Amino acid sequence: MKVLIVDDEKNIQKILSDIITDNEWKPFVAGTTEEAEDILKREFIDVLLLDVFLEREREGLDFLQKIRTDYDFPPEVVIITGHGTIDMAIEAVKMGAYDLIEKPPSIERLTFAIKRAYEHIKNTRKRLYIKEDETPIIGNSAKLKKVMGIVKSVAPTDGSVLITGESGVGKELIAKSIHLNSKRKDGPFIIVNSAAIPADLVESELFGYEKGAFTNALKMKRGRFELADGGTLFLDEIGDMSLKTQSKILRALQDKKIERVGGEGTIKVDVRIIAATNKDIEKMTKEGKFREDLYYRLNVVRIHIDPLKERKEDIKPLFNYYVNKFSQDYGRMVKKIDSDVYKYILNEEWKGNIRELKNFAEKAVIFSKNDEISLSQLGLKFESLKEKFGSFSLAKKEFEKNYLEKALAANNFNISQTAKMLIMDKGNLFKKIKSLGIKIEDSKDSD
Ligand SMILES: Nc1ncnc2c1ncn2[C@@H]1O[C@H](COP(=O)(O)OP(=O)(O)OP(=O)(O)O)[C@@H](O)[C@H]1O
Ligand SMILES: [Mg+2]
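Small disclaimer: the values here were computed from a predicted structure and weren't measured.

Right, let's talk about the sheet that holds strand S2 (residues 26-30) for a bit. Strand order in this open sheet of five strands is S2-S1-S3-S4-S5, and the pairing throughout is parallel. Two strands bound the open sheet, and with one partner strand each, they are S2 and strand S5 (99-102). Between one strand axis and the next, the sheet turns by 20 degrees as a mean value, whatever way the strands run. Strand direction decides the pairing type here: strand S3 (residues 47-51) and strand S4 (residues 76-81), joined by five bridges, are parallel.

What follows deals with the domain arrangement of the protein chain. Taken domain by domain, the protein chain consists of domain 1 (2-127), domain 2 (151-304), domain 3 (309-387) and domain 4 (392-435). Look at where the C-alpha atoms of domain 1 and domain 3 centre, and you get two points 53 Å apart.

Attention shifts here to the environment of Ile-258. Mapped onto the fold, Ile-258 is located in strand S11 (residues 257-258). With 33 residues separating them along the chain, Ile-258 and Phe-225 place their C-alpha atoms 7.8 Å apart. With sequence-adjacent residues up to four places away left out, Ile-258 is seen in contact with Phe-207, Gly-223, Phe-225, Glu-226, Ala-252, Thr-266, Ile-267 and Val-269.

Time to look at the site of ligand 1. Near ligand 1 there are 17 residues, and of these Ile-138, Ser-167, Gly-170, Lys-171 and Glu-172 occur at the shortest range. Class assignment of the residues belonging to the shell around ligand 1 gives a composition of six nonpolar, seven polar and four charged. Of the domains in this structure, domain 2 (151-304) and domain 3 (309-387) are the two that each give at least three residues to the shell around ligand 1.

A separate point is unusual backbone geometry. Cis geometry is adopted by the peptide bond preceding Pro-104, which originates at Lys-103 and carries an omega value of -10 degrees. Position of Pro-104 among the secondary structure elements: in the loop between S5 and helix H5 (107-124). For Glu-237, which is not glycine, the phi torsion reads 55 degrees and is therefore positive. Structurally, the position occupied by Glu-237 is in the loop between strand S10 (232-236) and helix H10 (243-255). For Glu-237, a count of 18 C-beta atoms within 10 Å corresponds to the partly exposed category. Phi is positive for Phe-413, close to 60 degrees, though the residue is something other than glycine. Position of Phe-413 among the secondary structure elements: in the loop between helix H17 (392-410) and helix H18 (415-421). Accessibility expressed as a C-beta count within 10 Å gives 18 for Phe-413, which makes it partly exposed.

The geometry of helix H3 (residues 59-70) relative to helix H4 (residues 86-94) is characterised by a closest axis approach of 10 Å and an angle of 10 degrees between their N-to-C directions. Relative to H4, the element H3 is oriented roughly parallel. Of the residues in H4, those in contact with Gly-60, Leu-61 and Leu-64 of H3 are Met-88, Glu-91 and Ala-92.

The terminal C-alpha atoms of helix H1 (residues 10-22), which comprises 13 residues, lie 18 Å apart, in line with the 18 Å expected from a rise of 1.5 Å per residue. Packed against the buried residues of H1 are strand S1 (2-6), S2, S3 and H5. Within two residues after H1, Glu-24 carries a phi angle of roughly 60 degrees, on the positive side.

Turning to the packing of helix H13 (residues 315-329) against helix H15 (residues 353-366), a few remarks are in order. One can describe the packing of H13 onto H15 by two numbers: an axis separation of 9 Å at closest approach and a directional angle of 45 degrees. Judged by the inter-axis angle, H13 sits oblique to H15. Once H13 is placed against H15, the crossing between them reads as right-handed. In this structure, H13 uses Ile-315, Leu-318, Phe-319, Tyr-322, Val-323, Phe-326 and Ser-327 to contact H15, whose residues at the interface are Ile-354, Leu-357, Lys-358, Ala-361, Glu-362, Ala-364 and Val-365. Tallied by class, the residues present in the contact of H13 with H15 amount to 11 nonpolar, one polar and two charged.

The rules behind the values
- Every chain begins its residue count from 1, and numbering advances along the sequence as written.
- Throughout, the order in which chains and ligands are written sets their labels, letters from A for the former and numbers from 1 for the latter.
- It should be noted that, the model being predicted, local features are given only for residues of pLDDT at least 70 and side-chain atom pairs only at 80 or more, the latter also being counted only at that level, while totals for whole chains, interfaces and linings use all residues.
- A pair of strands is labelled paired if DSSP reports no fewer than 2 bridges between them.
- Where helices and strands are cited, they refer to DSSP runs of H or I of at least four residues and of E of at least two residues respectively, numbered from the N terminus.
- Fitted lines through C-alpha atoms serve as axes, helices being fitted only where they are in contact, and the angles separating the N-to-C directions of these axes extend from 0 to 180 degrees.
- For each domain, the first and last residues come from an automatic or database assignment.
- By the convention adopted here, residues make contact when the C-beta atoms placed from their backbones lie within 7 Å.
- Working rule for contacts: place C-beta from the backbone, and if it is within 6 Å of a molecule or strand, that residue counts as near it.
- Throughout, the ten residues Ala, Val, Leu, Ile, Met, Phe, Trp, Tyr, Cys and Pro are labelled nonpolar, Asp, Glu, Lys and Arg are labelled charged, and all others, Gly among them, are labelled polar.
- Backbone-placed C-beta atoms define the burial measure: a residue is buried with 20 or more other C-beta atoms within 10 Å of its own, exposed with 12 or fewer, and partly exposed in between.
- For this classification, under 35 degrees means roughly parallel, over 145 means roughly antiparallel, 65 to 115 means roughly perpendicular, and everything else is oblique.
- Under the convention used throughout, the expected extent of a helix is 1.5 Å for every residue step, that is, one less than its residue count.
- A crossing counts as left-handed when the near helix is turned anticlockwise from the far one by less than a right angle, and as right-handed when that turn is clockwise.

Pasting the structure below:
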């Protein structure tokens with residue numbers, strides 16, 4: 001957490017700063033609002049400790065107003081006030097400051113206020129963070145266990161990870177799990193979907209812009225790199241990234257700093273990179289569609305997630321988990337799942353992998369009747385592969401019968417003529433006709 005102290009009294013600065021450091025948070029100190037603005041422009045501050053009475057009487061209040069209008073994701077503000085300025089402090093709270101503390105602040109009171117303000121700002125900036133209980137990883141196949149093993153060993157390091165696998169296998173889920181098992185878990189998890197950003201917006205999306213950088217830039221905007229500061233940046237679908245974007249990202253990774261559009265000077269960013277793709281990225285590298293230098297930078301640790309059909313042991317637990325989850329979501333009671341349902345899901349191909357199985361579970365819950373899930377409610381029928389195909393000899397017989405019936409009909413059921421046409425011995429043809437049970441209604445055979 002980054003805390004900015006804005007106070008013109010040196011001894012107060014020192015006391016506050018020490019308390020922050022003791023809690024292993026990062027303090028920044030400003031004596032004036034101008035200095036404070038310089039810091040706010042460069043750093044992504046979480047909590048601002050603001051003395052209401054600075055040089056000018058209402059300076060603190062004006063400043064409070066300003067950060068709310070000029071900044072993207074402004075910090076949570078805790079007002080620090082002396083006896084004489086209580087009224088102003090109350091006014092500040094009315095303007096949106098989160099809390100107020102009287103000088104001299106007690107360590108406990110201040111620590112508590114900062115913690116609370118941080119929790120609150122995390123909640124306001126909710127989309128930047130993920131909760132630990134949001135995404136359980138279900139399955140106990142050896143293949144998934146191996147993936148989880150790599151997750152466990154790589155998570156605590158800051159090493160880049162490249163996750164590959166078909167669509168819907170859980171690449172994003174694994175990326176989140178790496179983040180949640182890292183020392184950055186209280187920090188943000190920011191997704192860059194490389195395929196979804198229009199080419200002309202790439203720069204402002206990734207690196208942000210300053211107020212006034214162009215006509216519509218009414219307030220400063222932070223880019224994804226900056227939002228991910230102190231946390232993890234998830235570069236999704238990197239196989240769909242243009243070469244131009246690739247070189248911009250590479251530069252930011254090499255320099256560990258970025259520049260906002262229209263900005264003067266660079267901003268240091270501390271991010272951990274996880275990338276993902278369902279494309280054959282090695283092939284793309286060879287074909288010159290993906291920069292080799294960026295590939296090497298991303299592919300420090302590789303995690304490949306196999307498709308669901310290659311880890312069938314995970315199908316049943318995943319289905320049960322999602323049936324349970326959707327039952328709760330939809331307020332349904334599912335007490336029984338027909339055994340054919342399990343046979344069916346184990347035999348499916350699941351080209352869309354877990355996402356498709358999850359959708360199927362949702363549908364099954366929606367169509368469940370009398371607390372039960374069955375295939376007929378879904379308009380499905382279980383056919384084992386054996387049932388689907390039958391045996392080879394049966395299929396061959398069926399073909400022969402069909403074929404000979406047509407050939408005979410074409411020859412007006414004349415066996416000699418048919419045998420001649422098929423270049424076949426007449427005796428053999430006759431035997432076949434009998435063994436296949438073909439009815440010769442009205443043989444015109446004269447001999
Ligand atoms: N092991 C798992 N346990 C529970 N849910 C899972 C598991 N794996 C994937 N899912 C769920 O399946 C869905 C698809 O997963 P995810 O989005 O992570 O896949 P992806 O590989 O990123 O897919 P895409 O390539 O299409 O982006 C998500 O809803 C995710 O929560
Ligand atoms: Mg994904």
